[in-house]
Every structure is written in structure tokens, then in C-alpha cells.
Amino acid sequence: LPIPLSYMHATGASAPLALRVWKGLPGCRIPEMEPRGARHVLPASMLPEPEVQGGTAKLMSGRDAYSLHPGHDGKMDFVFRGIEVAGAANIAAYTQNFGPEHVTLSLAATEGEVARRNMLPPESHVQCDLFVAEAGKVDLHFKLRAASPLVSVFLRGVEIIPMAE
């Protein structure tokens, strides 16, 4: 995929006039940045089979999404193991709540890590983010929490966004 706002990463003569003028002002500095690589999306069908504790995760091939349903206590933990990351990157997981209740979803690189909780209001789309500092295989640990098991959440896929240097 192309880098959004690639003109913001432009350097030298390829930079927009406004950036070149801004850089020329006394005391104003904008670092020279080059993108590290292309963004890429891993749709649900390209993710490894998740390991699930409490609830179910079913790949819906017609929608290319995982349908997530927590257990009777409203809790579900699941992990996708061995996602390859080429370097420092932001990993964005794209989710959609179809249910009538609020759901919280968190994403972490390790099981015990305290991750930011993302609130998914009813009938909404939410992006969960995770920063990865170095290259290698990453495990994506998700925790889904709801007041009851009557929720329906789709995980559409993840996007790996390399960090600019």
C-alpha cells in the first residue's frame, strides 16, 4: 500500500513548497525522514489460527473476518502467534462491534503486559494499536471483555505500519 501523506515525508526538492519554506525559517526544524517500508494489511484469512481461551473465534471466509464471541462470563482471550514484523512498527487491529452492548478490547505483545483498553460502543468500528520496537516475530495477545456473552465482534485484520526514521 502507498504511504499515506507521503508528501509529508518528502525531502529536498521533492518536498512541498510549504515544507521547504518552513524548514528555511530561523529556529524551525523539521527532521529529514524517509519511510522505512511499505505498509501492509494482513486480512483475517492471512492470520494464523488463533489460540482461544473462553469463547469462540470463527473465521468467516465470506466476510474475511474472525467472528468473536466471549464465553458465558463475557470474557475471551485469544492470541495470534508468529506475526512477522520487519522493524519498528505500529500494528493496528481493525475491529467492529455488531452487538447491542459496549465491549472493551486490548492488544499486547505479551500475555502479562498491561495494555490500553479500547472501548467499542455498540455498532462501531475501532482500531487497537500496538507499538513494536524491533524486527522479529510478534505474538498478538487480545483480551475481549463484555457485560454478557451477547456480543458479536469481528476482527477484520491487522495492518503493519513501519515507523519512519
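Now for a look at the structure at hand. Predicted model, so just to flag it, every value in this text is computed and none were measured.

Conventions we followed
- Residues numbered from 1 in each chain as written.
- Predicted model: local features only at pLDDT ≥ 70, side-chain atom pairs only at ≥ 80, totals over all residues.
- Heavy atoms only, no water.
- Helix = DSSP H or I, 4+ residues; strand = E, 2+ residues; numbered from the N terminus.
- Contact = heavy atoms within 4.5 Å.
- 1 Å grid on protein atoms, 1.4 Å probe; cavity = no way out; pocket = protein on both sides within 12 Å on 5 of 7 lines; lining within 4 Å.
- Points joined across faces, edges and corners; volume = space filled by probe spheres on them.
- Buried < 20%, exposed > 50% of the residue type's maximum accessible area, 1.4 Å probe, protein only.
- Pairing = 2+ DSSP bridges.
- Patch = residues over 30% accessible without salt bridge, like charges linked within 9 Å, V, L, I, M, F, W, Y side chains within 5 Å.
- Areas by Shrake-Rupley, 256 points an atom, 1.4 Å probe, with all protein chains shown as cover.
- Salt bridge = Lys/Arg side-chain N within 4 Å of Asp/Glu carboxyl O.
- Core = buried A, V, L, I, M, F, W, Y, C linked by side-chain atoms within 4.5 Å.
- Polar contact = N/O pair within 3.5 Å; in protein donor to acceptor, adjacent residues only side chain to side chain.
- Axes fitted to C-alpha atoms, helices over the stretch in contact; angles between N-to-C directions.

1. Considerations on the environment of P43
Logical step 1: Along the chain, the position of P43 falls in strand β1 (residues 40–43).
Logical step 2: Through-space distance from the C-alpha of P43 to that of A93 is 9.8 Å; in sequence the pair is 50 residues apart.
Logical step 3: Filtering out sequence-adjacent residues up to four positions away, P43 remains in contact with D64, R156 and G157.

2. Quick notes on the layout of surface pockets
Taking a probe equal in size to a water molecule and rolling it over the atoms shows the remaining empty space.
Logical step 1: Volume-wise, the largest pocket comes out at about 330 Å³.
Logical step 2: Looking at the largest pocket, it is lined by 22 residues, and the ones nearest its centre are D77, E111, H141, F142 and K143.
Logical step 3: Counting only elements with at least two residues in the lining of the largest pocket, the list comes to β2 (51–53), β5 (75–85), β7 (103–108) and β10 (136–146).

3. Focus on the pairing of β7
Logical step 1: In terms of burial, β7 is a largely internal element, six of the six residues being buried.
Logical step 2: Neither face of β7 is open: one carries V103, L105 and L107, the other T104, S106 and A108, and all of them are buried.
Logical step 3: Bridge count for β7 against strand β8 (residues 117–120) is four bridges, and the pairing is antiparallel. Of the residues in β8, the one forming a bridge with S106 is R117.
Logical step 4: Strand direction decides the pairing type here: β7 and β10, joined by six bridges, are antiparallel. By the bridge assignment for β10, T104 is matched with R145.

4. Considerations on a nonpolar patch on the surface
Logical step 1: Taken together, the side chains of L17, V21 and L25 define a hydrophobic patch exposed on the protein surface, amounting to about 270 Å² of accessible area.
Logical step 2: Relative to the helices and strands, V21 is located in helix α1 (residues 17–24).

5. Points about the nonpolar core
Logical step 1: Membership of the largest hydrophobic core comes to 32 residues, with the highest contact counts inside it found for L68, F80, I91, L140, F142, L144 and L155.
Logical step 2: Among the elements of the structure, β4 (65–69), β5, β6 (89–97), β7, β9 (124–132), β10 and β11 (153–162) are those that each provide at least two residues to this core.
Logical step 3: Setting aside residues no more than four positions away along its own chain, L144 makes contact with L68, P70, G74, K75, M76, V103, T104, L105, V151 and V153.

6. What to know about the side chain of N118
Logical step 1: With respect to the element layout, N118 can be found in strand β8.
Logical step 2: For N118, a relative accessible area of 7% translates into the label buried.
Logical step 3: For N118, the side chain forms a polar contact with the side chain of R116, separated by 3.2 Å.
Logical step 4: Excluding anything up to four places from it in sequence, N118 contacts V103, T104, L105, V126, Q127 and C128.

7. Overview of the sheet that holds β2
Logical step 1: As summarised here, the arrangement of the five strands in space is β2-β5-β10-β7-β8, forming an open sheet in which the pairing is antiparallel. Whereas interior strands pair on both sides, the edge strands pair on one side only; in this sheet they are β2 and β8. Looking at each pair of strands side by side, their axes are set apart by 20° on average, direction ignored.
Logical step 2: Across three bridges, β2 lies against β5 in antiparallel orientation. For E51, the partnering residue across the bridge sits in β5 and is V79.

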